[in-house]
8 protein chains.
Amino acid sequence: MDKKELLRNVQLGKLSVEEAAEKLTGFNELGYAKIDTQRKERNGFPEIIYGEGKNLEQIIGIVTVLKEEQKPILATRISSEKGRALQDTFPDGSYFELARCFVLQPVQPDSETYIAIVTAGTSDVPVAEEAAVTAETFGNQVKRIYDVGVAGIHRLFARLEEIQQASVVIVIAGMEGALVSVVGGLVDVPVIAVPTSIGYGSNFQGMTALLGMLNSCSSGVSVVNIDNGFGAAYSASMINQLRRKK
Amino acid sequence: MDKKELLRNVQLGKLSVEEAAEKLTGFNELGYAKIDTQRKERNGFPEIIYGEGKNLEQIIGIVTVLKEEQKPILATRISSEKGRALQDTFPDGSYFELARCFVLQPVQPDSETYIAIVTAGTSDVPVAEEAAVTAETFGNQVKRIYDVGVAGIHRLFARLEEIQQASVVIVIAGMEGALVSVVGGLVDVPVIAVPTSIGYGSNFQGMTALLGMLNSCSSGVSVVNIDNGFGAAYSASMINQLRRKK
Amino acid sequence: MDKKELLRNVQLGKLSVEEAAEKLTGFNELGYAKIDTQRKERNGFPEIIYGEGKNLEQIIGIVTVLKEEQKPILATRISSEKGRALQDTFPDGSYFELARCFVLQPVQPDSETYIAIVTAGTSDVPVAEEAAVTAETFGNQVKRIYDVGVAGIHRLFARLEEIQQASVVIVIAGMEGALVSVVGGLVDVPVIAVPTSIGYGSNFQGMTALLGMLNSCSSGVSVVNIDNGFGAAYSASMINQLRRKK
Amino acid sequence: MDKKELLRNVQLGKLSVEEAAEKLTGFNELGYAKIDTQRKERNGFPEIIYGEGKNLEQIIGIVTVLKEEQKPILATRISSEKGRALQDTFPDGSYFELARCFVLQPVQPDSETYIAIVTAGTSDVPVAEEAAVTAETFGNQVKRIYDVGVAGIHRLFARLEEIQQASVVIVIAGMEGALVSVVGGLVDVPVIAVPTSIGYGSNFQGMTALLGMLNSCSSGVSVVNIDNGFGAAYSASMINQLRRKK
Amino acid sequence: MDKKELLRNVQLGKLSVEEAAEKLTGFNELGYAKIDTQRKERNGFPEIIYGEGKNLEQIIGIVTVLKEEQKPILATRISSEKGRALQDTFPDGSYFELARCFVLQPVQPDSETYIAIVTAGTSDVPVAEEAAVTAETFGNQVKRIYDVGVAGIHRLFARLEEIQQASVVIVIAGMEGALVSVVGGLVDVPVIAVPTSIGYGSNFQGMTALLGMLNSCSSGVSVVNIDNGFGAAYSASMINQLRRKK
Amino acid sequence: MDKKELLRNVQLGKLSVEEAAEKLTGFNELGYAKIDTQRKERNGFPEIIYGEGKNLEQIIGIVTVLKEEQKPILATRISSEKGRALQDTFPDGSYFELARCFVLQPVQPDSETYIAIVTAGTSDVPVAEEAAVTAETFGNQVKRIYDVGVAGIHRLFARLEEIQQASVVIVIAGMEGALVSVVGGLVDVPVIAVPTSIGYGSNFQGMTALLGMLNSCSSGVSVVNIDNGFGAAYSASMINQLRRKK
Amino acid sequence: MDKKELLRNVQLGKLSVEEAAEKLTGFNELGYAKIDTQRKERNGFPEIIYGEGKNLEQIIGIVTVLKEEQKPILATRISSEKGRALQDTFPDGSYFELARCFVLQPVQPDSETYIAIVTAGTSDVPVAEEAAVTAETFGNQVKRIYDVGVAGIHRLFARLEEIQQASVVIVIAGMEGALVSVVGGLVDVPVIAVPTSIGYGSNFQGMTALLGMLNSCSSGVSVVNIDNGFGAAYSASMINQLRRKK
Amino acid sequence: MDKKELLRNVQLGKLSVEEAAEKLTGFNELGYAKIDTQRKERNGFPEIIYGEGKNLEQIIGIVTVLKEEQKPILATRISSEKGRALQDTFPDGSYFELARCFVLQPVQPDSETYIAIVTAGTSDVPVAEEAAVTAETFGNQVKRIYDVGVAGIHRLFARLEEIQQASVVIVIAGMEGALVSVVGGLVDVPVIAVPTSIGYGSNFQGMTALLGMLNSCSSGVSVVNIDNGFGAAYSASMINQLRRKK
């Protein structure tokens, strides 16, 4: 279909042979990067820009390419400074300070089902916001339930019903990550656990929480990399939208 | 509802006060274990019996309690010897040698959607079978796609369409676990990765595969513990059944 | 006092100069070991026999020396085979199979206060029994509360009051060890956490539980070595008896 | 009692229904945090403010809430700059530079029993001071015995009697942490060991001291996280006050 | 031969005895370093200057010695600042900013065979450029194929033929390093894998990629240290020139 | 070509459509495995049978398939028992006890160039023999130079010339692996290092040798997994035959 | 000298040219090993036979070669079974069961100075005996001071004078290894520390003791590999004999 | 003796009772430190000042106390800034920039025997200088042999004789630390190995060199902590002076 349309455009002279050949490779060669223009077709979401280790010009270059494709754009791990510059360059985009994300052309949210994002403490909130902004950019509704760690477990029970009615629950915790097992034992939907690098001493930058979550005594828990709010939301979005699929 | 029925049975003299009190605690005290009789209500699936470190009498005791509750029963990590003894004791149950699982009263499978279970090599098959039996016991249809690791990537492409049409994909691999990233880049449904302890030297009993999967360059991947076929299938089943929920 | 009595016995000819000199060194030289005969005076409890890596003759030799001193005797990590042999040699002693302990001349228990010993699962029971036998040998009353892990947290709440009224709580858990943080958040007495080597894959023989417990988000938790039920009970006994001290 | 008083206040019109409902949840919702207002009832001590990763406004907000509850307030890991700002905002509070703690409304100390805080070296003193300020805020008397490491063991013997007469001993050491085992062999009260991140090379930021302490050949030792002076004092305070309980 | 010429020069009085003795030792003593002047004879390439941890004067001193020997000179890990200073001092040299290399007197490239340098992502390019500049300095032709990671595997297939026709392939990747196994399964020449420190969380500064590559399920892969573009190119150059040897 | 021949055979009725379709997939489906029948075309060598974790029937099944293709067959990690059974089943094959390899239809060796295989100690010989048999099966000439570790470095110098004249050198060492750096400093051809699991204590089953080799101060060294003699020989064979390619 | 004598023997026809050439290489080629016959000249002691991983015939072969050289022979890590076989073959040798060593032609001990070998516990004795037999074989006098660990530090003080008057002290300990630091703080001669694999849980087969010893707060301590009694004694012997050198 | 003289001084009224009591404790109480004034008697050398983590006033305070005792003073890990300030305060002291040491009242060197200090590379020189200054302060003669790593092993052979004639050899190396094994195989005196944190990637701040040295295939090697030049020189000085003892 896409390919046929492309070929018709060549036939009609709307597209040069060179441009068409480029499009058929499935990526856009920028020299410093090959932007994957088929990702939305294959993965449901377009290529995401991971901001760490890319300079402002590179990010602007990639956003410009993706913008033309009329797709939702998400750039993560964007510093305040770069965020402001992106907003200046693309005035219809939004920069989320706490989440460190830049968003353009987000998908309209669907109101029936939602993703619950739960944190153990206040310090886990930035990772939670990266997850929340990612999920919202991909068209999901989100409920934020923050600072309900097990040291004061009644705080969790006060919000339990909301968590139980989500399509999927993202639990974000540092230190020993015990909240994941408690939540996992109380819900009948998938739990995606995000260890954070919050803690000190033998926490080892989140390794302790990561190992704890992988060894959770509750079933139905799967785990993503340390501080990877984006990755958790990406999987959660796939799960939440599966519900709408059929 | 459940509780009201129980109270009515007390009122009618069908249930003694002692039995009712026991039931209201939500667990069944066996001395060596407290069997969680509310797990199906909370988690969608009843308590699973993890066979490692339990002796035959304990397993039979727990199965007996669960059997009365008319729920699907799954016991994992069951040796051949114990498996045969269980089959003798519960003749309507089935022991799966390769998967090392004992099953009784499985849920009838639903035929519309399915879970794809993909392995990199032949040695990953036992873990894959634990996942497959778990998923089937919980009423899911399963497609097995084994030995399609990236050293001969054309084997994967030959089966790609089947993988892409699953509700959720479980990828099982040892060594460096690269298959996960390749599959993750080619599907638009959630991928649950299971590292296996297959390999030698600096493989560290699956640690290398685990770390590789957590750091996958493909989005939409979440990870369970090493060799944890059961855990992957549990999450996958929750995801697959979410699709049917609404 | 002790020393004066000894010197008087020398004076009275009841004790030879050689024997007295030996006693004054504060240890009993067996060649393969120097038994610390002053430990009860210094530490409140006499020297304990760690059975691993000692042969039967050595253990019998050490028990014989300690028996003469009329002190409570505890030998830990004693295999069934050695246990039976010890019971044959010292018929007034008791061998505890599950705890793998041999006990002789235990202290009479004190009934007012008690130590609560709580486990997450059935597989943690052997470590719990080592703790329980140790605590009882040293004259403490013990309450055993087993298999109340967070995957079914209502089981914990059913026994919470008993836990809260203990002098000190020992929490024993493998896998991710989350039970420690939940209990720690619900009691106002010290919690001693014992990680167990129960689990598989990235559990690393208890390392995951150990790290989780050290990083517990609940205050008032301190930790002993993996599977060290004895050590936890030793500290707990000191704490419990401190209460009686004044 | 607390709840009855609250209800009476509602009856008397002293408290609005909204405020009462809030209080009954057991926490105070600040958006960025849910302050646990029942912790003193459950744990004996109110919620502590861990300063790392919280900004000044958040800390002031939490202190303000806790202050109203008339409870002792302790904020740990407070930088000099934040400490001075807190002292400006709450002039009746005290900032302890070396301990990096801010204290308000401390409990009056009890003079009969005391906690001994022992360090191996001069560099361990900041962790020791965090422990000392914590213990004093909670109403304990403290004896500081610093720089008595085993390289010059006569320094320890010179202060031994004072250590032996404490209710509980906190031993703080970096490098190999050998002091813990020596002290543990010489006292009949519980020892809480705090590894510090003092050292270099294969010290691994305190991991070596942590492992050494967990493997101490002396009984009666339990361990907290690296540099966790606060946690050790919290447990020690529970132990010391247990003595006063009866 | 070399030695004979040297001795003849002594005979002819062209070389003092002291200078000749120095040359016969096979190194040039600079006090802070002993420059190995026989390396080209032994290893095929002269001593390389590793810039990290050497100051500008030391680097200039070593370059000066090597320059006299008329050999190709390569200094790696050279900061921009030092690079500019070197270019000022040696105007016929070239500083490569991205590769962080300074080159003088490079070998003329040979055009028949080439080394393919392949990266998974944009962030791996600096390591790739260190490899490319090294290979070119030693007289090899290089093909750069960047950003063809497995998340969009069609980008790799678009360039596959070029990779397959190289003498040797260097594959550079961070995160999980899966590209190495995919390339290894598609070529019949040696693959040298370079893990990079690109990634976060449980990536551990490249350790995950390193372990993944060492455990690759594809044969024909060998591995160098993390970020060691130079080392990979050195081996690749030896392999490529072996082809020309006979 | 291959494909054309296949199609011609279909045309001529020599091959059924089903068989042809199977062949075109590029693998042979055995249920428990998908044998990669295109590997020789892609990688220069056919699929190798890794014996660990495969039972005798599976190995015989795979050998039977490969045998029909008239290709060299190598099965590694074959126990004595399986080795003897294979020799009984395939009488024209050879089982190498020390190398634990079974070989059938080896390639005729080429006499001009050779691979040097060097070990540090006597205990490294089994890994060396796996390398040697692999290299010989693939048609390479091998020189074995065993037990020349640096504790007696004159033994290495006695054989140095032979090592220097190889096309490629495989160095195999356990313990600290220092031999690799010494050899690397003395040759102008690529060195492939194989760490072995020989050693004890902090050797960590070869991890120390692996890390040492990755950090070698000599250039031109690349490394394979611990005890991976096969992998080293595979890479070395590719390098050695590259020399013959042109 | 040695070489001259050899050449004279050739001149006199006492030695064939072949034998002489062999001797000049400095090693004895056995196929499976190259025995270093110059080690005594270079290192002060002849080549030691490390028994692990060598079969009986190999050990007998090497002993036979060394025996002809009239040098002291030490074989370590010799099982009881091999030990008895060696004693049958070489009736003038001695097998030490506990030390697992076989000795032939030991050096006569020197009585003036001695090496002190100190252990923390009973379980460390086998490692201590390996050290003691090694030291005695090399002609040193040894004092054994066993089971003086810091849990009962008065046992150490009872033997302190003997330790202080040694030329060099070997301290052997498992668990946390604290004894090393205490001894190191009390003597003015070098201390060689041997960590043992005694302990459990987070002891990690001696890694905890190893790290503790490397980070000892006492100066003058150096460390050998885990359980390496032989290595400690080798260094200690060099130090003790240095004293006699002048 | 010392004590008698002290008591006589009290008798003569030269020393007050308070001062004498203080001196008899064996340490000097400074509040922030207890300076061990008996260390020279016990350990042969007085207490050393480890500068890291101590401020200038503390260092000056400790130097002032030690200066009065007329003993050699060594402060290590002293930054340039502190070094200059110390030199201003104590004009007869010397600050060694490269070694980062401050020295006062060094012992006169003894000229007969010497310590050889050998480094693998130029970057290891600062650690070597810390060792050299320490050894010289304690009255030893030192030979510096720098940059003789195994990548150019002829540089080592050029200086071998000097190394072989030392009383004890300190070998300092980063990366893989192979130089230690080569030197250990060529000398008949003790070798003390110092791993340095020089390297990158999988070097792990010296851990690779440390493990390599502990697993050296050469006997007679013992190891100190990473970058611990001081510790190596302390042990070496004890060994060197043992030679002079008798």
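On a predicted model such as this, the values are computed, not experimentally measured, just so you know.

Run through the domain arrangement of chain A, naming residues and quoting values.
All names here are of chain A. You can read the domains of chain A as domain 1 (14–104) and domain 2 (114–245). The straight-line distance from the C-alpha centre of domain 1 to that of domain 2 is 27 Å. Between domain 1 and domain 2, the contact holds 13 residues from the first and 15 residues from the second. Each partner contributes to the roughly 1,200 Å² buried at the junction of domain 1 and domain 2, and carbon and sulfur atoms together form 74% of this total. Applying the counting rule to domain 1 against domain 2 returns 1 salt bridge. With a closest N to O distance of 3.0 Å, glutamate 130 and arginine 77 form a salt bridge. Viewed at the interface, domain 2 and domain 1 are joined by 2 residue pairs in polar contact (both at pLDDT 80 or more). Among the elements of the structure, strand E4 (73–76) and strand E6 (101–104) are those that each provide at least two residues to the side of domain 1 that touches domain 2. Sorting elements by how many residues they give to the side of domain 1 that touches domain 2 places E4 first, with 3 residues. Split into classes, the residues belonging to the side of domain 1 that touches domain 2 amount to 10 nonpolar, 2 polar and 1 charged.

Quick one: what's the story with the packing of aromatic side chains, residue by residue and with numbers?
Tallied over the entire structure, the rule returns 52 aromatic pairs over all chains. Taking 5.0 Å as the distance between ring centres and 75° as the angle between the ring planes, the aromatic pair formed by phenylalanine 45 of chain B and tyrosine 234 of chain B counts as edge-to-face. Taken together, the residues phenylalanine 45 of chain B in the loop between helix H3 (39–43) and strand E3 (49–50) and tyrosine 234 of chain B in helix H11 (residues 229–245) connect sequence positions 189 residues apart. Residue classification places phenylalanine 45 of chain B among the buried positions, given a relative accessible area of 6%. Plain terms: the ring middles of tyrosine 200 of chain B and tyrosine 50 of chain F are 5.8 Å apart, the flat faces sit at 20° to each other, and that makes the pair stacked. Taken together, the positions of tyrosine 200 of chain B in the loop between strand E10 (191–195) and helix H10 (207–214) and tyrosine 50 of chain F in strand E3 (residues 49–50) put the pair across two chains. Residue classification places tyrosine 200 of chain B among the buried residues on the basis of a relative accessible area of 19%. Using a relative accessible area of 28% as the deciding quantity, one classes tyrosine 50 of chain F as partly exposed. Joined through ring pairs, the aromatic side chains of Phe45, Phe138, Phe230 and Tyr234 of chain A make up one cluster. Between arginine 77 of chain B and the ring centre of tyrosine 200 of chain C, over which it is positioned, the NZ or CZ distance is 4.6 Å.

Tell me about empty space enclosed by the protein, and please be specific about residues and values.
Applying the stated rule across the entire model yields 4 cavities of 30 Å³ or more. Here the second largest cavity defines a volume of roughly 60 Å³. What lines the second largest cavity is a set of 14 residues, and nearest its centre among them are Ile192, Ser222 and Ile239 of chain G together with Ser222 and Ile239 of chain H. Elements that contribute at least two residues to the lining of the second largest cavity include exactly strand E10 (191–195) and helix H11 (229–245) of chain G together with strand E10 (191–195) and helix H11 (229–245) of chain H. Partitioning the lining of the second largest cavity into residue classes produces 8 nonpolar, 6 polar and no charged.

Could you give an account of the relation of the copies chain A and chain D, naming the residues involved and the relevant values?
Rotating chain A by 90° and moving it 0.0 Å along the rotation axis overlays it on chain D with an RMSD of 0.1 Å. As the rotation angle and translation indicate, the two copies are arranged about a four-fold axis. Among all residues of chain A, the minimum C-alpha distance to the rotation axis is found for phenylalanine 204 of chain A, at 7.4 Å.

Please give an account of the interface of chain A and chain D that cites residues and values.
Interfaces are frequently sized by the accessible area removed from exposure as the parts join. With 15 residues of chain A in contact, the opposing surface of chain D contributes 22 residues. Interface area for chain A against chain D, summed over the two sides, is near 1,400 Å², with a carbon-plus-sulfur share of 52%. Three residues, Thr122, His154 and Tyr200 of chain A, lead the burial of chain A against chain D; their summed loss comes to 41% of the area buried on that side. Our count for the chain A to chain D interface comes out at 0 salt bridges. If you look at where chain A meets chain D, you find 10 residue pairs in polar contact (both at pLDDT 80 or more). When the residues that make up the side of chain A that touches chain D are grouped by side-chain class, the tally is 6 nonpolar, 6 polar and 3 charged.

Basis of the calculations
Every chain begins its residue count from 1, and numbering advances along the sequence as written. Here the convention is simple: chains get letters from A, ligands get numbers from 1, in the order in which they are written. pLDDT decides what is reported in this predicted model: residues at 70 or higher carry local features, side-chain atom pairs at 80 or more are listed and counted, and totals for whole chains, interfaces and linings draw on all residues regardless. In computing side-chain properties, one takes all heavy atoms of the structure into account and sets aside hydrogens as well as water. Domain extents, as shown, originate in an automatic or database domain assignment. Should any heavy atoms of two residues lie within 4.5 Å, those residues are considered in contact. In short, buried area is how much 1.4 Å probe accessible area vanishes from two parts on joining, totalled over both. Basic side-chain nitrogens of Lys or Arg form a salt bridge, by our definition, when they fall within 4 Å of a carboxyl oxygen of Asp or Glu. Two N or O atoms form a polar contact when they lie within 3.5 Å of each other; inside protein one atom must be a possible hydrogen donor and the other a possible acceptor, and for residues adjacent in sequence the pair counts only when both atoms belong to side chains. Numbering of helices and strands starts at the N terminus; helices are DSSP runs of H or I of at least 4 residues and strands are runs of E of at least 2. Under the convention adopted here, Pro, Cys and the residues Ala, Val, Leu, Ile, Met, Phe, Trp and Tyr are nonpolar, Asp, Glu, Lys and Arg are charged, and Gly plus all remaining residues are polar. Whether two aromatic rings pair depends on their centres lying within 6.5 Å, for rings of Phe, Tyr and Trp, where Trp uses its six-membered ring; planes under 30 degrees apart make the pair stacked, over 60 edge-to-face, and the rest tilted. We call a residue buried when its accessible area falls under 20% of the maximum for its residue type, exposed when it is over 50%, and partly exposed in between, using a 1.4 Å probe and counting protein chains only. Look at NZ for Lys and CZ for Arg. If either is within 6 Å of the ring centre and within 35 degrees of the ring normal, a charge sits over the ring. As defined here, a cavity is a set of points on a 1 Å grid over the protein atoms alone where a 1.4 Å probe fits but cannot get out. A pocket is an open set with protein on both sides within 12 Å along at least five of seven lines, and residues line them when an atom is within 4 Å of a point. Grid points are joined across faces, edges and corners, and a volume is the space filled by probe spheres set on the points. A least-squares superposition brings the copies together, and it is based on the C-alpha atoms of residues with pLDDT no lower than 70 in both.

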